[in-house]
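# Breakdown of the fold
Given next are the chains, with one letter for each unit.
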Amino acid sequence: MSTKTKATPATKEKKTVTAEIVTAVITEKVTAKRGRPVVGTSARQAKLAARDARIAAGGSVERGRPANPDSKRQARLSAQAARAAAGAVIKPGRPKGTGTKTETAAVAA
């Protein structure tokens, strides 16, 4: 005959208290300051503050290299956007038959 021990209410209380202590210790570790401190008078912080002020005033923030509107690529992209706006299906990738394999096969034949 096997004997099974039942958990007493005192044992359950111990487990609960231990879990609460563990959670309290974890929250203490999370709230500690980590990383490099922020210097409020630095040039970067001034730039970030100016950027936030520009956004708050309704302005826009442009990032990266500006696109040349007269380039071939921009013309192709605007034509593609116009086709998409008109409802044409735009397939990803390059069209079939434009690769070098098909060109060399046609020359060899």
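Every value quoted in this text rests on a predicted model; they were computed, and no experiment measured them.

## Observations regarding the overall build of the protein
- Looking only at helices and strands, the protein features four helices and zero strands.
- Put simply, the protein runs from its N terminus to its C terminus through helices and strands in the order α-α-α-α.
- Taking all 109 residues of the protein together, the buried fraction comes to 1%.
- Accessible area for the protein stands at about 10,800 Å²; split by element, carbon and sulfur atoms hold 58% of it.

## A word on helix α2 (residues 43-56)
- With 14 residues, α2 extends 20 Å from end C-alpha to end C-alpha; this agrees with the ideal 20 Å at 1.5 Å per step.
- At the C-terminal side of α2, Gly-58 shows a positive phi close to 95 degrees.

## Here we look at helix α3 (residues 72-86)
- Compared with the 21 Å implied by 1.5 Å per residue over 15 residues, the 21 Å span of α3 between its first and last C-alpha is a close match.
- Phi turns positive, to about 100 degrees, at Gly-87, one or two residues after α3.

## As for the environment of Arg-54
- Note that Arg-54 resides in helix α2.
- Beyond its immediate stretch of four places on either side in the chain, Arg-54 contacts Gly-59, Ser-60 and Val-61.

## As for the environment of Gln-80
- By the secondary structure assignment, Gln-80 is in helix α3.
- Residue Gln-80 is classed as partly exposed on the basis of its relative accessible area, which comes to 28%.
- For the pair formed by Gln-80 and Ile-90, sequence separation is ten residues and the distance between their alpha carbons is 7.9 Å.

## Some points on the confidence of the model for the protein
- The predicted model of the protein averages 78 in pLDDT, with 61% of residues at 70 or higher.
- Mean pLDDT in the protein bottoms out at helix α1 (residues 9-31), which sits at 58, and peaks at α2, which reaches 94.

What counts and what doesn't
Along every chain, residues carry numbers that run from 1 in the direction the sequence is written. Where local features are concerned, this predicted model is filtered to residues with pLDDT of at least 70; where side-chain atom pairs are given and counted, the filter is 80 or more; whole-chain, interface and lining totals use all residues. The side-chain quantities take in all heavy atoms of the structure and omit both hydrogens and water. Labels follow the DSSP assignment, with helices taken as runs of H or I lasting at least four residues and strands as runs of E lasting at least two, numbered in each case from the N terminus. Between buried and exposed lies partly exposed: a residue is buried under 20% and exposed over 50% of the maximum accessible area for its type, with that area taken using a 1.4 Å probe on protein chains only. Areas reported as accessible are Shrake-Rupley estimates using a 1.4 Å probe. Residue values count occlusion only from the protein chains shown. By definition here, a helix of n residues has an expected span of 1.5 Å times n minus one. Residue contacts are defined here by distance: any two heavy atoms, one from each residue, within 4.5 Å place the two residues in contact. pLDDT is a residue-level measure of predictor confidence that goes from 0 to 100.

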